[in-house]
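Coordinate analysis (summary)
Residue-level listing of the chains:
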Amino acid sequence: MTGPRKSTREPQADMSWASHVMEHSPVPFVLLTGDFHPPVIEYGNQAFHRMVGVLEDLTGQTFNDVKITLRRQDKTSGNIETWDPNPQGTPPLQDQPERQTHGNWRHGEEIDACSVLTGETWTCDLVRHDGTWGILQAVVATHYPAGRTKPVWIVQFLPLTGFDEAFGFAAPPAQRALDALSQISELLAIEDQPSPLASIASIIEETCPVDWAGFFLENRGLEYSESIRAPRRGRHRTEYPGLDAEMTGGQDPVLQMLVGQHSAPIIVDLAATNDPGTRTRELCEHLEEIWNVHGFTPKGPVLMQAIAGRSGVLGLIVLACPEYNELGEPFDVQDLGPENLKVISAIARRIGTTLDNARLYEREHELAEALQQSMVPTQVDVAGLDVWTYYAPSNEHARVGGDWYDILYVDDHTVGVVVGDVVGHDLEAAAAMGQLRSITRSYAFDRVSASKVLERVDRLVDGLDISRQASMVYGRLREGKDNGSWTLEYARAGHLPPIVVRDGKALLLNDAGGGLIGFVPRARESATVRLRPGDVVLFYTDGLIERRDRSMQAGLQELQDFAETVPRSAASQWGELLLHALADAPEDDVALVVVRIPVRDELAVQGIDTTRSYRATFPGEASSVSRARHLMVRLCQEWDKPQATYAELVMSELAANAVLHGYGQFALRVFDLGDDIRIEVEDQNPEGPIQLDGHSDRYGGYGVKIIDRLATWGWSPKGAGKVVWAHVPVG
């Protein structure tokens, strides 16, 4: 830094107004005199000294000395010009009134009342004394004080209001906007975030000059939401009966926004009269309820921004604004500032994209789930055998998978058992599973050996070019002619071996192995084992034993060890015990078939557990309620329970709650306890049932009252969801 040029004049008394304005301002000011060329510093306030990083007196220094350059682009030529005033310059300017602004200085120092000069605006490139650099905005005002022949320049340094791409530096407003969008992107990218919209609302409140922020998603009506849910399809104007957006004029701005007439944010005055029945009035009433819950009282207007999706508006961002802006004028949209308006618009776009993706993802998995459920048989009764079946997709994969099982009545004395596993947890996996199931069923009824069935499946799969890998085990059970014995012939295609449990020993059926289905079709082998009364055969997929913290072999050994500890019991009890011990929180899909060869007069056999139970899964759709109710009636008939009315009603209400409030399909378990029946319904919503008190403006909760009157009930968390149970008297 060169030596200072000594000014021939001391600061004049007639410049006291400038020093008074500048002295205590948190914004950097500098006064330049035109007695020299280039102009030299006559006075700089403390904020200016902090800005350049020099505390000593800078009087007599030029901008070049303190490494400050003022530049701008000429709008006509496009050339970059630097500030180089002529001391003989322009004639005196009339003093112009100052205007007020509000903002944050770049170091975070709050400016409550900053007088912004009227003058030329330049971009300031600054290299501080410590070598760091920055970019600011400089406002240069030219003044001709009385009694002075040369002009003076008052330069005020302010933060930029935008992003300067040439230097890659963002001033505070733009930087806050970028930081907010970065945080929001991270929140939307986290799948298991419990309430991302609540967190985003907090970010908006911290970034923008608003008092409250919230999100209302379209779900056959606007509903306040703090989480990302797959909404129903965005509705069009034709789906709002009795309301015409074009005919309402300005009386129903919410409706106009929902049908896409307003893409930019608009101000809605809650104090204005809105006709009953309009969407604006409905939203206002809903807002009042939400604000009462949050303990918030609005002071000014409400700003709304549409959240648009591919096929329509999916919701609204609602912002409660202050009553007045910093100038004491009524708050308007533009008072948010250009950066904040861009933030709100970007948030709406990103949330709209996230909701669209969630909706498409949900549709795909609903379709896959429906396809899968239609192909997996429910619990079956097999003459001469005690059979129990179970299937559930993994909770970690949106309850869609490629595992399946099948029970086939080949003829009066032959039963086929199939358990398979297709790689993947999506629609393609479910479709491949459906194809393999149909192919296997068709060849199993040809009454050929197990190996021939798999060979034919191999050839057809190779011809159909099914791209997904799949494993399978097919067992052919044929009844013997004496003593209730059966013969099991089986063949495996890359699948885990079945297990036979006999007299407390678990034996792996490791023979008749082979490659995965459809890969290099070749001759396959069958193996045969003779089964005696009391023997239990387990067919399963890897989800029963596979865990991240152990090998598959260790899991298989654990299954064998546990199977040897199970007491003599019915197939249903075998299944329940296996699931409780090994698959209470599975990491993959689970398909399990338990086949037990009955013992004659087994009710008289001492020590056997004959408790009857039933387990099934249902898709999360309305038709499942009637299916579950009819199932309850059938079970009561089979179990000789004459008083089934209460059980039917309780089952109906539990299933309806699972469909309405659960996530995806739900699991059902029924136990015969003698005079009572225990019903368990498991879904993936962790929130427990709510009983309402019959408020006129609320709905729901009445099913819990019915259950409370007819049964003893409760609920408990399980995994990512919950289990609701009820004991219903039927004796």
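This report concerns the structure included in the present document. This one's a predicted model, so the numbers in the text were calculated from it and none came from an experiment.

Calculation rules
Residues numbered from 1 in each chain as written. Predicted model: local features only at pLDDT ≥ 70, side-chain atom pairs only at ≥ 80, totals over all residues. Heavy atoms only, no water. Helix = DSSP H or I, 4+ residues; strand = E, 2+ residues; numbered from the N terminus. Buried < 20%, exposed > 50% of the residue type's maximum accessible area, 1.4 Å probe, protein only. Contact = heavy atoms within 4.5 Å. Areas by Shrake-Rupley, 256 points an atom, 1.4 Å probe, with all protein chains shown as cover. Pairing = 2+ DSSP bridges. Axes fitted to C-alpha atoms, helices over the stretch in contact; angles between N-to-C directions. Parallel < 35°, antiparallel > 145°, perpendicular 65-115°, else oblique. Left-handed = near helix turned anticlockwise from the far one by under 90°. Expected span 1.5 Å × (residues − 1). Lys, Arg positive; Asp, Glu negative; His and termini not counted. Salt bridge = Lys/Arg side-chain N within 4 Å of Asp/Glu carboxyl O.

When helices and strands are tallied, the protein shows 14 helices and 31 strands. Looking at the protein as a whole, 50% of its 731 residues are labelled buried. Considering only contacts in the protein between residues 6 or more positions apart, those separated by 24 or more positions represent 63%. Summed over all atoms, the accessible surface of the protein reaches about 34,900 Å², with 49% contributed by carbon and sulfur.

As a further point, take the sheet that holds strand S25 (residues 536–540). Strands sit in the order S17-S26-S25-S22-S23 across an open sheet of five strands; the sheet is antiparallel. A strand with exactly one partner marks an edge of an open sheet, and here the two such strands are strand S17 (386–392) and strand S23 (505–508). Strand-to-strand twist in this sheet, taken as the mean axis angle between neighbours without regard to direction, amounts to 15°. Pairing between strand S22 (residues 499–502) and S25: three bridges, direction antiparallel. Note that in S25 the partner of Ile499 across the bridge is Leu538. Taken strand by strand, helix H11 (residues 571–582) contacts S17, S22, S25 and strand S26 (590–596), and its axis lies near 145° from that of S26.

The angle between the axes and the distance between the axes are what describe a pair of packed helices. Where helix H8 (residues 427–444) contacts helix H9 (residues 450–464), the two axes come as close as 9 Å, and the packing angle between them is 140°. Taken together, the axes of H8 and H9 are oblique relative to one another. Read as a crossing pair, H8 and H9 show a hand that is right-handed. Residues Leu436, Ile439, Thr440, Tyr443 and Ala444 of H8 touch H9, and the partners they reach there are Val453, Arg456, Val457, Leu460, Val461 and Leu464.

Moving on, we come to H9. An α-helix turns once per 3.6 residues; consequently, residues spaced three or four apart project the same way. Taking 1.5 Å per residue, 15 residues should reach 21 Å; H9 reaches 21 Å between its end C-alpha atoms and fits that length. Of the residues making up H9, those classed as buried are Ala450, Ser451, Val453, Leu454, Glu455, Val457, Asp458 and Val461. Tucked inside the fold, the buried residues of H9 contact H8, strand S20 (470–479) and strand S21 (486–493). Phi turns positive, to about 55°, at Asp465, one or two residues after H9.

Turning our eyes to something else, we now look at the pairing of strand S2 (residues 40–44). The element S2 is extensively covered by neighbouring structure, given that five of its five residues are classed as buried. The sheet contact formed by strand S1 (residues 29–33) and S2 spans four bridges and is antiparallel. If you follow Leu32 over to S2, its bridge partner there is Ile41. Between the end of S1 and the start of S2, which pair antiparallel, lie six residues.

Moving on to helix H6 (residues 279–294). With 16 residues, H6 should reach 22 Å at 1.5 Å per residue; the first-to-last C-alpha distance of 22 Å fits that figure. Buried-residue contacts for H6 involve strand S12 (212–218), strand S13 (222–225), helix H5 (253–258), strand S14 (266–268), strand S15 (302–308) and strand S16 (313–320). Just beyond H6, the residue with positive phi is Gly295, at close to 65°.

Mapped onto the elements of the fold, Asp421 is located in strand S19 (residues 414–422). Buried and unpaired, Asp421 has no salt bridge, with Arg468 as the nearest side chain of opposite charge at 9.2 Å.

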